[in-house]
Amino acid sequence: MNEQIANKLPDYGTRSGEITIFAGPCSVESEEQFDEVAECIAGLGLTWVRGGAFKPRTNPHSFQGLGEEALQIMKASGEKWGLKTLTEVMDSAHCELVHSYVDGLQVGARNFQNFSLLKNIGIVTAESHKMVLYKRGFAGTIAEWLAATDYLTAEGNDNVVLCERGIRTFETATRFTLDISAVPVIHKQSLYPVCVDVSHPAGVRDLVPSLAKAAVAVGCDSIMIEVHPNPPKALSDGPQQLTPAQFTELVAELREIAAVF
Ligand code: PEP
Ligand code: MN
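Residues numbered from 1 in each chain as written. Chains lettered and ligands numbered in written order. Predicted model: local features only at pLDDT ≥ 70, side-chain atom pairs only at ≥ 80, totals over all residues.

## Some details on the overall build of the protein
This is how the line gets drawn: Put simply, DSSP H or I for four residues or longer makes a helix, DSSP E for two residues or longer makes a strand, and each gets a number counted from the N terminus. Only C-alpha atoms enter the radius of gyration, while the globule expectation follows 2.2 Å times N to the 0.38, with N the number of residues. Residues with at least 20 neighbouring C-beta atoms inside 10 Å of their own are called buried, those with 12 or fewer are called exposed, and the rest are partly exposed, where every C-beta is derived from the backbone.
Scanning the protein for helices and strands turns up ten helices and eight strands. Taking 261 residues into account, the globule formula puts the C-alpha radius of gyration at 18 Å, and the protein, at 17 Å, falls close to it. With respect to the principal axes defined by its C-alpha atoms, the protein has extents near 45 × 40 × 40 Å. Expressed as a percentage of its 261 residues, the buried residues of the protein come to 46%.

## What about the confidence of the model for the protein?
Here is the rule: Predictor confidence is given residue by residue as pLDDT, running from a minimum of 0 to a maximum of 100. C-beta atoms are first placed from the backbone for all residues, and any pair lying within 7 Å is then listed as a contact.
The pLDDT averaged across the protein works out to 94; a share of 93% of its residues lies at or above 70. Below pLDDT 50 for its whole length, residues 4-14 participates in ten contacts with residues either more than four positions away or in separate chains. In the predicted assembly, ipTM is 0.99 and pTM is 0.94.

## Examining the UniProt feature "domain: DAHP synthetase I/KDSA" (unreviewed entry) in the protein
Quick reminder of the rule: UniProt positions are given in the numbering used here, feature names are shortened, and annotations may be inferred rather than shown by experiment.
According to UniProt, the positions carrying the feature "domain: DAHP synthetase I/KDSA" (unreviewed entry) are residues 19-256. The distance from the first to the last C-alpha atom of residues 19-256 is 12 Å, and the span holds 39% helix and 15% strand.

## Remarks on the site of ligand 1
Quick note on the threshold: Note on definitions: a residue is near a molecule or strand provided its C-beta atom, placed from the backbone, lies within 6 Å of it. Each residue gets one of three labels, nonpolar for Ala, Val, Leu, Ile, Met, Phe, Trp, Tyr, Cys and Pro, charged for Asp, Glu, Lys and Arg, and polar for the others, Gly among them.
The immediate surroundings of ligand 1 are formed by Cys26, Gly52, Pro56, Glu88, Gly108, Ala109, Arg110, Lys135, Arg165, Asp197 and His200. Classifying every residue of the shell around ligand 1 gives three nonpolar, three polar and five charged.

## Section: the packing of helix α9 (residues 208-218) against helix α10 (residues 244-257)
To keep it simple, the criterion reads: Axis definition: a line fitted to C-alpha atoms, limited for helices to the stretch in contact. Angles are taken between N-to-C directions and run from 0 to 180 degrees. Reported orientations rely on four angle classes, namely roughly parallel under 35 degrees, roughly antiparallel over 145, roughly perpendicular from 65 to 115, and oblique for the rest. Handedness of each helix crossing follows the sense of rotation of the near helix against the far helix: counterclockwise by less than a right angle gives left-handed, clockwise gives right-handed.
Relative to each other, α9 and α10 sit at 25°, their axes nearing to 11 Å. When the interaxial angle is binned, α9 and α10 end up roughly parallel. In this structure, the crossing between α9 and α10 has a hand that is right-handed. For the pair α9 and α10, the contacting residues are Pro209, Ala212, Lys213 and Val216 in the first and Leu250, Glu253, Leu254 and Ile257 in the second. Classifying every residue of the contact of α9 with α10 gives six nonpolar, no polar and two charged.

## Focus on the sheet that holds strand β3 (residues 84-88)
Which entries qualify depends on this criterion: Whether two strands pair depends on DSSP finding at least two bridges between them.
Pairing within the closed barrel is parallel, and its eight strands lie in the order β1-β2-β3-β4-β5-β6-β7-β8. Sheet twist, expressed as the average angle between the axes of neighbouring strands with direction ignored, equals 25°.

## Some words on helix α7 (residues 182-189)
Stated precisely, the cut-off is as follows: Arc definition: directions from the helix axis to the C-beta atoms.
Those residues of α7 that sit buried are Ala182, Val183 and Ile186. Projected onto a plane normal to the axis of α7, the buried residues spread over an arc of 100° and lie on a single side. Against α6 (142-153), β6 (160-164), β7 (194-197) and α9 lie the buried residues of α7.

## Looking at the pairing of strand β1 (residues 20-24)
How we decide: Here is how to tell: hold the view so the strands point away, follow the path from the first strand over the helix to the second, and if it runs clockwise the crossover is right-handed.
Burial analysis of β1 places five of its five residues in the buried class, which makes it a mostly covered element. Burial along β1 is two-sided: the residues Thr20, Phe22 and Gly24 and Ile21 and Ala23 are all buried. Bridge analysis of β1 against strand β8 (residues 222-226) gives five bridges, and the strand direction is parallel. Looking at β8, one finds that alanine 23 is bridged to isoleucine 225. When β1 meets strand β2 (residues 48-50), the two strands line up parallel, connected through two bridges. By the bridge assignment, phenylalanine 22 is partnered in β2 with tryptophan 48. Each parallel crossover has a hand, and for β1 linked through helix α2 (residues 31-43) to β2 it is right-handed.

## A look at unusual backbone geometry
One non-glycine residue, histidine 129, lies in the positive phi region at around 55°. Mapped onto the elements of the fold, histidine 129 is located in the loop between α5 (115-124) and β5 (131-135). On the basis of neighbour count, histidine 129 is assigned to the exposed category, with 11 C-beta atoms found within 10 Å.

## Points about the environment of glycine 166
Residue position: glycine 166 is located in the loop between β6 and α7. For glycine 166 and alanine 109, which are 57 residues apart along the polypeptide, the C-alpha to C-alpha distance reads 9.3 Å. Setting aside chain neighbours within four positions, we find glycine 166 in contact with Arg175, Phe176, Thr177, Leu178, His200 and Pro201.

## Describing the packing of α2 against helix α3 (residues 68-81)
Two elements in contact, α2 and α3, have axes whose closest approach is 10 Å; the angle formed by their N-to-C orientations is 30°. Comparing the axis directions of α2 and α3 gives the class roughly parallel. Our pair here, α2 against α3, has a crossing hand that is right-handed. Taking contact as the criterion, the partners of Glu31, Phe34, Asp35, Ala38, Glu39 and Ala42 in α2 are, on α3, Ile73, Met74, Ser77 and Trp81.

Structure (structure tokens):
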């Protein structure tokens, strides 16, 4: 962490003890699809909706995202339901465009060490101080993660959330191994809030509630959960996405054990 941030945030004050939820579909697929999820999120009194516009797909033949059209859908729906919007920036060439549409910019796991992208996101958010949600790479250590965060904050935007999303280990029973210990380790070593993405490590929806409860128990500051109106028809990550009804039930359970907003 650079000195500028350390001076500005003298204690754990950014971490309010309340848990933010970043929910929404893996990919923005249509106005109707996104709006249905946004309506559910707003109805629950939550504050953020997420969705992928530019998708980092392993296979170039898989759905790549709707691009700017998705950004337009997100902006309109966010305004309609009074929600802040979060999406991934995959490429430095898209930084300004994405920044002009959404409230939060996500760095995906596959761009964990794309230092020029990190620098450019730092530049584009220098004035706005829009939130940057920085995901851990599949094989990134916590030390590498914290070091590279300084690329994002170099121009003065310290509004960074670090997001644990599972790492690669020998275990294949889950899509990724959720490193739950990353939360207290980062809390000990930095002042950044820590998000836990519980959908991508799970890979299947029935594991999502258990991982979300574990994230709350370990002291996370926010949770990311993928939600789709019709997961079997999803264009990406269908098996792990919750339906709005399942998500509603999970939020109620989480609210029993923590302050969720
Ligand atoms: C996502 O959040 O849509 C995503 C692609 O996640 P990750 O970068 O963690 O795989
Ligand atoms: Mn996804």
